[in-house]
Amino acid sequence: MSFIKRIAFVGLQVRCGETIVQHLTNRFRFTELSHRVTQQSCQWILRQGGAVLLVSEMPKSSSERSKYFSAGSGQLLTKHRKYNHVHEFIDMNTYRGFLYDHPVTYPVDSACNVAFEVSSVDEMVARLRAAGCEILAPPHTVRDSTSQVSVAIVASPVGNVRHTLVERVDGDPAVLLPGFERDNPSGYCVQDSSHVDSVDHVTYALPAGQWKHVLAWYSKNFDFKRHFVNRLDDEKEGCVLQGVGVGMRLAAMNAADCTLVLAESIPGPGLNQVAMFLSKHQGPGIQHLALHSRDIVEHVTCLQNSGADFFKPPAAYYQQVLERNGASKFCPEILKRLGILLDVDEEGSLLQAFTLPIFEEDTFFLEIIQRCHSRGFGAGNIRALWHTVQAYMDG
Ligand SMILES: [Fe+2]
């Protein structure tokens, strides 16, 4: 049985937290639930339906950063190294470092934490330690007057990505994470009016040759099982998409309600989408977070009306949609206006739309996805977009 229950949050570490929080709340309709400001850290919790983000601000200059490390989370880590197997309570009155994430010096803004809610942090960490995994923060307890959780942080085999493990111990179930000041109590209601019902998947961008190692690591340590993306997905090769400007291998895995997708770069002519991420992000990491929407047309309309920018496929793509799918219940004109892609496979169909990058660098973005029985990840769309570009180039 898997220890993992669900994705608790996705963590972002950014140079200017306030700007990103404003961007995500104003344009992408996240609600700011709570914040935490100390001398060494600024953090915010945002929510959109079933998707939660933890935004942590990393100091900009190296001098500020070294001050942070010596006075902030460094204290926590030293303390826990000393009492390696003992649960320590974090005293909210004196603790000034990051909560629920481990600070990382990284040259660009980055989504770098997929936090899992687990059934037992102690048992999970014992298992990870025995397997030789790097524990960034040993089990500790965070509590305030409303609730209490057990927490630990483990490094992953993917670039700067780490996993915070969270076990709810007791207290008010409406409080996502104790230790923060509430900004918006009504936003704590799980059944909010958002279009988003859950995190559909998180996609990693990987350099060539890493996907099998990453699959094996998650399978061994977190009980993830391979999830075949379509009938072309081969057990040994994954789902390979190759052409000029498209060179990637897709493979997916899941545990309970968590799905991770691996997009591995395959070297070839032209710079493919994954290679572009690896270059701009300066290493492997989280390329995108997919939010499952109950009504993608209404949702994307709403986000675009708020000023969110989406990738717009070339007009020829929608001609192909018509040719491939004939008359369907989805109107190509509406899909085209909103930049929504349609993929039909043997099980059903899926609709997806991709935002432009969230950060200054061309790296992390959001995907809005609505599934109509399909369990794929849009491999057909990647192929169709490539054919569209290729046809255009061929005149
Ligand atoms: Fe995706």
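Rules of the game
- Residues numbered from 1 in each chain as written.
- Predicted model: local features only at pLDDT ≥ 70, side-chain atom pairs only at ≥ 80, totals over all residues.
- Helix = DSSP H or I, 4+ residues; strand = E, 2+ residues; numbered from the N terminus.
- Buried ≥ 20, exposed ≤ 12 C-beta atoms within 10 Å, placed from the backbone.
- Core = buried A, V, L, I, M, F, W, Y, C linked by C-beta atoms within 7 Å.
- Domains from an automatic or database assignment.
- Contact = placed C-beta atoms within 7 Å.
- Pairing = 2+ DSSP bridges.
- Arc of directions from axis to C-beta.
- Expected span 1.5 Å × (residues − 1).
- pLDDT = per-residue confidence, 0-100.

Undergrad: Looking at this structure, I do not really get the overall build of the protein chain. What am I missing?
TA: Within the protein chain, the secondary structure is distributed over ten helices and 19 strands. The buried share of the protein chain, reckoned over its 395 residues, is 46%.

Undergrad: What is the right way to read the nonpolar core from this model?
TA: The tendency in soluble globular proteins is for nonpolar side chains to be buried side by side. Judged by nonpolar contacts, the single largest core of 108 residues is most densely connected at Leu53 and Leu260. Each of domain 1 (4-188) and domain 2 (196-393) accounts for three or more of the residues forming this core. Beyond its immediate sequence surroundings of up to four residues, Leu260 is in contact with His201, Val202, Tyr204, Tyr218, Phe224, Ala252 and Met253.

Undergrad: Is there a simple way to explain the pairing of strand 1 (residues 4-14) in this structure?
TA: A regular strand places its side chains on the two faces of the sheet in alternate fashion. Counting buried residues along strand 1, nine of its eleven residues qualify, which places the element largely inside the surrounding structure. By the bridge criterion, eight bridges tie strand 1 to strand 6 (residues 110-118) in an arrangement that is antiparallel. Residue Arg6 lies in a different strand from strand 6, and its bridge partner there is Glu117. Inspection of the sheet shows strand 1 paired to strand 4 (residues 51-57) by five bridges, in the parallel sense. Note that in strand 4 the partner of Leu12 across the bridge is Val55.

Undergrad: Mind showing me how you'd approach the pairing of strand 7 (residues 135-143) here?
TA: Inspection of the sheet shows strand 7 paired to strand 8 (residues 147-155) by six bridges, in the antiparallel sense. If you follow Thr141 over to strand 8, its bridge partner there is Ser150.

Undergrad: How should helix 1 (residues 17-26) be read in this particular structure?
TA: One turn of the α-helix equals 3.6 residues, which is why residues spaced by three or four share an orientation. Restricting attention to buried positions, one finds in helix 1 the residues Gly17, Ile20, Val21 and Leu24. The buried side chains of helix 1 occupy one side of the element, clustering within an arc of 100 degrees when seen end-on. When the buried face of helix 1 is taken as reference, the exposed residues oriented beyond 90 degrees from it are Gln22 and Asn26.

Undergrad: Explanation requested: the environment of His163 in the structure shown.
TA: With respect to the helices, strands and loops of the structure, His163 is situated in strand 9 (residues 162-171). By the C-beta count within 10 Å, which is 26 here, His163 ends up buried. For the pair His163 and Val114, spaced 49 residues apart in sequence, the C-alpha separation works out to 5.2 Å. Apart from the residues within four sequence positions on either side, His163 is in contact with Asn113, Val114, Ala115, Phe116, Val154 and Ser156.

Undergrad: I tried to follow the environment of Lys280 on my own but got confused; where do I start?
TA: Residue position: Lys280 is located in helix 6 (residues 273-281). In this structure, the C-alpha to C-alpha distance between Lys280 and Thr363, residues 83 residues apart in sequence, is 6.3 Å.

Undergrad: Just to check I follow, could you spell out the environment of Asp345 for this structure?
TA: Tracing the backbone through its elements, the reader meets Asp345 in the loop between strand 17 (341-344) and strand 18 (349-354). Note: C-alpha distance between Asp345 and Asn230 (115 residues apart in sequence) is 7.5 Å. Apart from residues lying up to four places away in sequence, Asp345 is in contact with Asn230, Ser374, Gly376 and Gly380.

Undergrad: Looking at this structure, how should I read helix 5 (residues 211-222)?
TA: Over its twelve residues, helix 5 extends 16 Å from the first C-alpha to the last, a length consistent with the 16 Å expected when each residue adds 1.5 Å. Within helix 5, the full set of buried residues consists of Val214, Tyr218, Asn221 and Phe222. For helix 5, the buried positions fall inside an angular range of 85 degrees around the axis, keeping them on one side. Seen from the buried face of helix 5, the exposed residues on the opposite side, beyond 90 degrees, are His213 and Ala216. Among the structural elements, strand 1, helix 4 (121-130), strand 11 (196-206), strand 14 (246-255) and strand 15 (258-265) are those in contact with the buried residues of helix 5.

Undergrad: Any chance you could explain unusual backbone geometry here in plain terms?
TA: Note on backbone geometry: most residues besides glycine have negative phi, and most peptide bonds are trans. For Tyr100, which is not glycine, the phi torsion reads 70 degrees and is therefore positive. With respect to the element layout, Tyr100 can be found in the loop between strand 5 (89-90) and strand 6.

Undergrad: Help me understand the confidence of the model for the protein chain, please; the structure alone is not making it clear to me.
TA: For any part of a model where pLDDT is low, the fine detail of the predicted coordinates should not be relied upon. Averaged over every residue, the pLDDT of the protein chain is 84; residues scoring 70 or more account for 84%. Ranking the elements of the protein chain by mean pLDDT puts helix 3 (residues 73-82) last with 38 and helix 5 first with 97.

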